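# Secondary and tertiary structure notes
Read off the chains here:
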Amino acid sequence: ALLTVQAMDDGGTDNGGADRSVESKSVVLEILAQPRVTAVQPTVWLSSSVAAADTIVTVSGMHFSPKLAVASSSLPSNGTSSSSQSVAVVLGGQNCLETEVVSDEQVLCRGFEAFSAAANVNVQVRESEAVVREGSLVGAVQAVALVVC
C-alpha cells in the first residue's frame, strides 16, 4: 500500500506563512502475514532429555520466511538461523536449539528441552527488533513417559 502525507496546520498564511506543506511525502507500507502452523511431525515422542535433544521436529504451514531485507540478511546461506534467530520454533515453551528454514512452508527444529503433556507449537519470525510475527498450533505435540513394568 502507498501512503501519501501532506502536513497542514491552522496557523494561517499571514506574514508569508503557509498552512500546507509544499511537498507531500509518500511511504510504502508492506503488510506481512502472520505465520500459520498447520502440522507438526512427529506429534508424540518419549519425554526423556536424550530423546528430546536428538529429535528433529518438522513444522509445516505458511509464511515462515522473513520478508524484510533486514531480517533476511541475518540468515546464513545454509538456511540455519543465526544467533539472533530470525525464525524461532518454540515447543511446549522450550526454544529449539537449532532452527532451519527449509522453505516458506516448512521449518525444522533440532533439539529442545524435554517437557511432558500436550504442548503448543509456536513459530516466531523476527523481521526487526520491533516487528515479530507469530503463529501457533495449540496442543500440537505430546511427550509421553516410558513406563517399564
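Structure report, in brief. The structure displayed is predicted, hence computed values, not measured ones. (Residues numbered from 1 in each chain as written. Predicted model: local features only at pLDDT ≥ 70, side-chain atom pairs only at ≥ 80, totals over all residues. Heavy atoms only, no water.)

## Description of the overall build of the chain
Secondary structure summary: the chain contains 2 helices and 11 strands in total. Secondary structure elements of the chain occur, N-terminal to C-terminal, as β-β-β-β-α-β-α-β-β-β-β-β-β. The buried share of the chain, reckoned over its 149 residues, is 31%. Considering only intrachain contacts with a sequence separation of at least 6, the fraction spanning at least 24 residues in the chain is 56%. Accessible surface computed for the chain: about 8900 Å², of which carbon and sulfur atoms make up 53%. (Helix = DSSP H or I, 4+ residues; strand = E, 2+ residues; numbered from the N terminus. Buried < 20%, exposed > 50% of the residue type's maximum accessible area, 1.4 Å probe, protein only. Contact = heavy atoms within 4.5 Å. Areas by Shrake-Rupley, 256 points an atom, 1.4 Å probe, with all protein chains shown as cover.)

## Looking at the nonpolar core
Counting residues in each nonpolar core, the largest one holds 19 residues, and the members touching the most others are Val 59, Val 89, Leu 91, Val 121 and Val 123. Looking at this core, the elements with two or more residues in it are β3 (36–41), β5 (56–62), β6 (87–91), β9 (106–110), β10 (117–126) and β11 (132–144). Top element by residues in this core is β10. It accounts for 4 residues. Sequence-distant contacts of Val 59, that is, excluding residues within four places in its chain, are made with Val 37, Ala 39, Phe 64, Val 89, Glu 105, Gln 106, Val 107, Val 121 and Val 123. (Core = buried A, V, L, I, M, F, W, Y, C linked by side-chain atoms within 4.5 Å.)

## Overview of the pairing of strand β8 (residues 98–103)
Both β8 and β9 contribute to a ladder of 5 bridges, which runs antiparallel. Within the sheet, the bridge partner assigned to Glu 98 lies in β9 and is Arg 110. Where β8 folds back on β9, the antiparallel hairpin that results is connected by 2 residues. (Pairing = 2+ DSSP bridges.)

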